[in-house]
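# Fold and geometry: a report
Listed below, chain by chain, are the residues.
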Amino acid sequence: MSDVVEKTLSALPSLLSLDSQAGAGKLSPSSKLGNLIKGITELTSKHEEETLIKKELESIKEQVASPNTTMRQMKEIMVRAIYCEMLGYQASFSYIHAIKLAQQGSVLEKRVGYLAVSLFLNETDEFLLLLVNTVLKDLQSTNLIEVCMALTVVSQMFPKDMIPAILPVVEEKLTHPKEIIRRKAVLALYKFYLIAPNQVQHIHSKFRKALCDKDPGVMTASLHIYLQLIKENPESYKDLTGSMVTILRQVVGGKLPLDFNYHSVPAPWLQIQLLRILAYLGKEDQGTSEMMYDVLEESLRRAEMNHNITYAILFECVKTIYTVHPKSQLLEKAAECIGNFVLSPKINLKYLGLKALTYVVQQDANLALPHQMTIIECLDHSDVIIKRETLELLFRITNAQNVTVIVEKMLEFLRLTCDDYSTIDLVGKVAELTMNSVFSLGGDVMQPDIPNNFLRLLAEGVDNVEDRQLRLFAVDSYVSLLQGETAKLPQRFLQVISWVLGEYSYLREEESDPGSVMRLLARLLDQRHTSTETRSWVLGAMTKLCSSPVSVALARDVCERYLYSGSLNTVLRQKAQELMILSQDTKLRARVLPAEGRLESPEVDSSLSFLDGYVSDALAAGAAPYKSPHQRQEDLVQEKALSLEPYGLSLPVSLSSCSITDRRSPTLLSMSSGLSGNSTELSHQEGSTTLKLEGVKRVWGKDGYLAQQQSAGETPTPLVELPSPLLSPQSPPSQKPSSGLEPDQEKRQLASSLFVGLGSHNSVCLVRLPSTVWLFIKNCQSANQSNVVKSLFKPFYINSCQSKNHGSFVKVSGIFAARKSCQTDDSCCFPPQISCISGSPLKEVKGHSVSVCLHTVVMKRASVQVELAGLLSYQRPLGQPQAAQFSLSLSLKHFLRPLTVSTGDYGKMWLSFSHDLKQNLRLVTTEHQEPLTATLDALKGKLHLHVVDIIGSEGIVACRLLQGPGQGQPCLLHCRVHADSLAVWLRSPVPELPDSLLYHCQKALTET
Amino acid sequence: MQFMLLFSRQGKLRLQKWYVPLSDKEKKKITRELVQTVLARKPKMCSFLEWRDLKVVYKRYASLYFCCAIENQDNELITLEIIHRYVELLDKYFGSVCELDIIFNFEKAYFILDEFLLGGEAQDTSKKNVLKAIEQADLLAEENRPRQFFFSLLS
């Protein structure tokens, strides 16, 4: 398409020379503008253009000055002058002639004159004073077009002080019979209000009249004024709420003339204006907000998604809904709407979706949760604007748990855009703010490289204005922090503060007394909670700062305390000594810590060449040559000297992975690898044991040992590095995830670290905690020689039988591993779905024949069916140790529990879940029940679902899956009777849950 | 709205309208840098920019870029539609408008803009009304506008 234009453009010169062509009429060679444009098009260099325009301007200048130039010629000249100005060449000599043209020309010439004035001049220009009389005259003209022109120029620029001169005439126009005049008069008053609000104070009543004008255009224009007024003082205009709501309802309802439609949407500009006004009126005012809920809902509903313009309205509507006093039902709808934006493939809508999210997460951080994956994708978007908006969004949901990842992302962004210093400024501040809030929250548990990164961010970069501002900003905010209560600030944060103050306090020195920062630092030293490490940072900062006499005195004071009152810490004494010496010797200090050297990064001489002299002297004096610790170690080994190593691991517990059969590998292996004793059990099972029985017993001997194992397995992983459920550290390496899935998993992992700490419906399984499936393993007599296996899996216990009870108690030590047996395609490459239960008997019954172990089983990954496999090893006193395998099939339904929620909560959850599935199911028909009720009852009975509500032909059902900590993960079902089937829509935060649950629903209904 | 700029793909300014008082120097600087920034953006990228402290909405029609700077709380999408409506108005007025129409009749383009946006606010969004106002003024003109057949912006 654009090629065509380029061709046209390149053909331009030749076209212009053909005066007989159709297009040439207005570009006739006699047209001087045509000639000028043609001339410029032919040029090849900027320099040539300059020469040409200079020549043109000379000729214009000559012509405007000539008394023989007619107004008609003047109009043509003025157009050329505008053109030259647009190209960037000043034609200031023509300004006065533009005013003259507006004054003296006929209507058409006047129009060009006014245009030139509005393009050439600023409202501060003194030339404008010359225009006042002309405007006044035209305002009073009987020619409507002249009045319009005058009002147009007035609405664009008018000298503030001259407003009273024309105000009465403009006011008069508010009652003009023509709506176009009334409208322009309102806009002129709006302009007056903006530049001089006091001047129009007395005509507020007339604004109201304009608001009630029968012409919608005039009314729309008056809303500009009202938006401004209400924004500044909402309290005084609450009485207008009703009118605004009525107007909006009429507009939305399509009551305006069709002229006002834009792409068949009724007056979108007006709608948006009204929505903005309502936002200001309803903000923090429940009563007023209640008046507008209905119309807001209607706006949302009416704006069907089809065109940009409806998205514009929706966006504004969402903003308003989130600004006024909240109403949960509306918020839900608005949240859904934001979802549509975020998920849109159109980049503009996506951007606005992110923006809307940024706005709403400030109220409810959970709203970001359903969009985790989209946000992650946007973080790597090729468009920097999208990236930046995403970071802004993340910045809003930063908390102590996800700060690490977010700050890292920000720094990453920063490094990529280092040339754009406005971006550095922005993100730098973001990082800075995050640091302050988050250092104070979780400073000490943070990884040390975060503060380091931050300090580097501050220190790096050229010494431009932005960097200085950022540093000064940091210094100022830290000083004010230190002035407050410091006891609660984490040590690491205090260290950062000390360093920053030491380096950059000089930036603020001109405006405050030099001792103030020193005093604040000294105060830190006095406080008892300040750690030794922090103290040494503080002393270092003081060393950098002690330039003024006040500081020197303070420093000396501090040093004396440390040196003479006997601090035992050598590092502190050393630092204090340095401070002492440097504070007394200004010359030395200037050499050691040059002020101008701050910004240069020091050169590190890694070869330590400056020590060469010293070394050669020492060697000459007979010293042994230097050997590295590694060399020394080797020497020791060669000399067979004492081994300083602690005893090596001598137990043959190396994992016998080679001998593991298919049956147990790889799952069992992965489970066992965490438990040092397991391999012995395995090898024993394989009959390849070389261990004494006592070995077995010792490993599994006392409860304490086993309990230790278990607790180790269940220690919550540090929050910063939480694994997502799919990437749990237990996942055996042998189970290769298909490569296509890897990036996705990476994203999920990133998501889990970014969104950690948000919301109760966290879709990430963070910590495995015992929950609710109890597994009873019971010994009972059986004639069967084989060990375990008969398993009755009822409600939730396993009843396994064991053979040959010899009277005395059987010690049961269990290693249970979960293994999936269902080989559905999508899940075969994933780790086991039941969490590992390491085998500590919670309770051991020294009964005659029974031992009870309680174990917790949760389903880590939703699946139709899982298999629980385990190994029981037991030993009779004095007998051979024995082991037995068993396995159990557990269906998803064993892990399901009813989820009791209210309809309202259901609605909220529904919106926030991202994994969904729709399917038609068979309806159960009985004689005495509605099909829907019967079907849901059947599901309820078989799958432990909770029927939340049934309304008409729809029913909502909820359940939860015992998957991780606490309540487990929810799955919601929305069922609707459709013809003679049941349309079921499942949603859950767990990816595979809807699918697996649907399978069981199908099965349950088929069996009925 | 703070200002509107029309410029070609080659970075040549075709029309500029400032609704905030700025010095010529500032205007030139903003124009130069903004034109560069917008031209550097790829076609599939977002139409909105946070550029310095400004919010910029731009859209390309054939060889011409329409670019508006708006206030922070303004609605980006509606600004995009303002641009579109303006192009529609130009199209209706010139009859399948092309860049050349705007180059050679830029004062007309200004008149239409002033009738549509006044002081940076949409004053009349009805296409019919805007064109009626322009044509009334034009009636006084003795010159008639010949038809164009160059490439249309709106196709």
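- For chain B, the name recorded in an unreviewed UniProt entry is AP complex subunit sigma, with Oncorhynchus kisutch as its organism.
- What UniProt states about chain B under its Sequence similarities (unreviewed entry) heading is, verbatim, "Belongs to the adaptor complexes small subunit family."
- On record in UniProt, under Subunit (unreviewed entry), the comment for chain B is "Adaptor protein complex 1 (AP-1) is a heterotetramer composed of two large adaptins (gamma-type subunit AP1G1 and beta-type subunit AP1B1), a medium adaptin (mu-type subunit AP1M1 or AP1M2) and a small adaptin (sigma-type subunit AP1S1 or AP1S2 or AP1S3). Binds to MUC1."

- By the naming in an unreviewed UniProt entry, chain A is AP-4 complex subunit epsilon, taken from Oncorhynchus kisutch.
- Turning to chain A, the UniProt record has this under Sequence similarities (unreviewed entry): "Belongs to the adaptor complexes large subunit family."
- Under the heading Subunit (unreviewed entry), UniProt records this for chain A: "Adaptor protein complex 4 (AP-4) is a heterotetramer composed of two large adaptins, a medium adaptin and a small adaptin."

### Notes on the pattern of salt bridges
- In the structure shown here, the tally under the stated rule is 25 salt bridges over all chains.
- Notably, a salt bridge pairs K238 of chain A with E235 of chain A, separated by 4.0 Å at the nearest N-O pair.
- On the accessibility criterion, E235 of chain A (57% relative accessible area) is exposed.
- E298 of chain A is the salt-bridge partner of R302 of chain A, the closest N and O atoms lying 3.5 Å from each other. Here R302 of chain A and its partner E298 of chain A are both found in helix α16 (residues 286–302), four residues apart, which amounts to about one turn of the helix.
- Look at R302 of chain A and you get partly exposed, because its relative accessible area is 45%.
- Counted as one network, the salt bridges with shared partners bring together K46 and E49 of chain A together with K12 of chain B.

### Digging into the confidence of the model for chain B
- Residue-level pLDDT values for chain B average 84, and 90% of them are 70 or greater.
- Here residues 142–151 of chain B is a poorly scored stretch, pLDDT under 50, and it has 26 contacts once near neighbours within four places are set aside; other chains count.

### Comments concerning the packing of aromatic side chains
- Going through the model one piece at a time under the given rule, you end up with 18 aromatic pairs over all chains.
- Here the aromatic rings of Y83 of chain A and F106 of chain B are separated by 5.6 Å at their centres, their planes lie at 40 degrees, and the arrangement is tilted. One end of the pair, Y83 of chain A, is in helix α5 (residues 71–86); the other, F106 of chain B, is in helix α4 (residues 106–116), on a second chain. Each member of the pair, Y83 of chain A as well as F106 of chain B, is classed as buried.

### Here we look at a nonpolar patch on the surface
- On the surface, a cluster of nonpolar side chains totalling about 530 Å² of accessible area is made up of F610, L611, Y614, V615 and L619 of chain A.
- Position of L611 of chain A relative to the elements: it lies in the loop between α31 (586–592) and α32 (612–620).

### Notes on the nonpolar core
- Of all hydrophobic cores here, the largest spans 212 residues; its most connected members are Y83, L189, F192, Y226 and M244 of chain A together with Y86 of chain B.
- Leaving out residues up to four positions away in the same chain, M244 of chain A has contacts with L211, L223, Y226, I230, L274, I277, L278 and L281 of chain A.

### Digging into the environment of S891 of chain A
Residue and element names in this part refer to chain A.
- Position of S891 relative to the elements: it lies in strand β10 (residues 881–891).
- Separated by 27 residues in the primary sequence, S891 and V864 have C-alpha atoms spaced 6.2 Å apart.
- Contacts of S891, omitting those with residues within four sequence positions, involve V864, Q865 and H1000.

### Regarding the sheet that holds strand β1 (residues 3–8) of chain B
All names here are of chain B.
- Ordered in space as β2-β1-β5-β4-β3, the five strands form an open sheet in which the pairing is antiparallel. Of all strands in the sheet, those with a lone pairing partner are β2 (13–18) and β3 (48–51), marking the two edges. Going from strand to strand, the sheet's axes swing by 20 degrees on average, the running direction of each strand aside.
- Where β3 meets strand β4 (residues 54–61), four bridges bridge the pair, whose relative direction is antiparallel. By the bridge assignment, L49 is partnered in β4 with V56.

### Here's the deal with the interface of chain A and chain B
- Of the residues lining the interface, 79 residues belong to chain A; the matching set on chain B comes to 76 residues.
- When chain A packs against chain B, the two sides together hide about 6,900 Å² of surface, and 59% of this comes from carbon and sulfur.
- Between chain A and chain B we count six salt bridges in total.
- On inspection of chain A and its partner chain B, the count reaches 22 residue pairs in polar contact (both at pLDDT 80 or more).
- Here the residues of the side of chain A that touches chain B sort into 41 nonpolar, 19 polar and 19 charged.

### Notes on the side chain of H97 of chain A
- Relative to the elements of secondary structure, H97 of chain A occurs in helix α6 (residues 95–104).
- When neighbours within four sequence positions are excluded, H97 of chain A is seen to be in contact with V64, M74 and M78 of chain A.

### Side note on the packing of helix α3 (residues 32–42) of chain A against α5 of chain A
Residues and elements named next belong to chain A.
- Closest axis-to-axis distance for the α3/α5 pair is 9 Å, and the angle between their directions is 25 degrees. Overall, the two elements α3 and α5 adopt an arrangement that is roughly parallel. Judged by residue contacts, K32, L33, L36, I37 and I40 of α3 engage E76, V79, R80, Y83 and C84 from α5.
- In terms of residue class, the contact of α3 with α5 is made up of seven nonpolar, no polar and three charged.

Each value, and the rule that gives it
Residues numbered from 1 in each chain as written. Chains lettered and ligands numbered in written order. Predicted model: local features only at pLDDT ≥ 70, side-chain atom pairs only at ≥ 80, totals over all residues. Heavy atoms only, no water. UniProt positions renumbered as here; feature names shortened; annotations may be inferred. Salt bridge = Lys/Arg side-chain N within 4 Å of Asp/Glu carboxyl O. Buried < 20%, exposed > 50% of the residue type's maximum accessible area, 1.4 Å probe, protein only. Helix = DSSP H or I, 4+ residues; strand = E, 2+ residues; numbered from the N terminus. pLDDT = per-residue confidence, 0-100. Contact = heavy atoms within 4.5 Å. Phe/Tyr/Trp six-rings, centres within 6.5 Å; stacked < 30°, edge-to-face > 60°. Patch = residues over 30% accessible without salt bridge, like charges linked within 9 Å, V, L, I, M, F, W, Y side chains within 5 Å. Areas by Shrake-Rupley, 256 points an atom, 1.4 Å probe, with all protein chains shown as cover. Core = buried A, V, L, I, M, F, W, Y, C linked by side-chain atoms within 4.5 Å. Pairing = 2+ DSSP bridges. Axes fitted to C-alpha atoms, helices over the stretch in contact; angles between N-to-C directions. Buried area = accessible area lost by both parts, 1.4 Å probe. Polar contact = N/O pair within 3.5 Å; in protein donor to acceptor, adjacent residues only side chain to side chain. Nonpolar A, V, L, I, M, F, W, Y, C, P; charged D, E, K, R; others polar. Parallel < 35°, antiparallel > 145°, perpendicular 65-115°, else oblique.

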